[in-house]
Amino acid sequence: MTAPSGPAVAFVRTFTQRFSCTRRGARLARQLALVELHAWGIPESTALSVDAGLLVAELAANAVTHGRVPGRDFELRMTLLAGVLRIEVSDARRDRRPALRPHAYQAESGYGLRIVDAVATDWGVLDRLIGKTVWAELSGRGSGTP
């Protein structure tokens, strides 16, 4: 008798947390993201952890600076699946969407999205019922990911 063949089951790890839409909330988001990655077996000294910390810091700072709505939090979600780490930061301002080509708008913005564009494997923006989600992905292959 042979075992039934079917799709391989992939182990998914997720972390979701809301933070106050303040500079302190953005710093806390980065710190907790690094703690969670460490708990997933990705120590702070790895390239994946360093890049993830940078992306969380930039996306959270943008949510606090450009996506702030008084009385509303921002949300950080990280998902690790099949060697890809996806970082999503959601805020309540749908009208303030980042440019998908940050190099074309050098005079209008800072360096945050140019950093995201340079570090992430891919990134983009999705609409939500209230607000938007800016996401970025990192490939974890060869970076000590489980």
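Look above for the structure.
A quick note: this is a predicted structure, and the numbers were derived from the prediction, not measured.

A. Local environment of the packing of aromatic side chains. For the structure on display, the rule yields one aromatic pair. Against the face of Trp135 rests Arg86, its NZ or CZ located 4.3 Å from the ring centre.

B. Examining the sheet that holds strand β1 (residues 13–19) more closely. Strand order in the open sheet made by the five strands is β1-β2-β3-β5-β4, with antiparallel pairing throughout. Two strands bound the open sheet, and with one partner strand each, they are β1 and β4 (122–127). Across the sheet, the axes of successive neighbouring strands diverge by a mean angle of 15°, strand direction being ignored. By the bridge criterion, eight bridges tie strand β3 (residues 84–91) to strand β5 (residues 132–139) in an arrangement that is antiparallel. Bridge pairing in β5 links Asp91 to Lys132.

C. Structural view of helix α3 (residues 112–119). Turning to α3, its buried residues are Gly112, Leu113, Arg114 and Val116. Among the structural elements, α2 (47–66), β4 and β5 are those in contact with the buried residues of α3.

Rules used throughout
Residues numbered from 1 in each chain as written. Predicted model: local features only at pLDDT ≥ 70, side-chain atom pairs only at ≥ 80, totals over all residues. Heavy atoms only, no water. Phe/Tyr/Trp six-rings, centres within 6.5 Å; stacked < 30°, edge-to-face > 60°. Lys NZ or Arg CZ within 6 Å of the ring centre and 35° of its normal. Pairing = 2+ DSSP bridges. Helix = DSSP H or I, 4+ residues; strand = E, 2+ residues; numbered from the N terminus. Axes fitted to C-alpha atoms, helices over the stretch in contact; angles between N-to-C directions. Buried < 20%, exposed > 50% of the residue type's maximum accessible area, 1.4 Å probe, protein only. Contact = heavy atoms within 4.5 Å.

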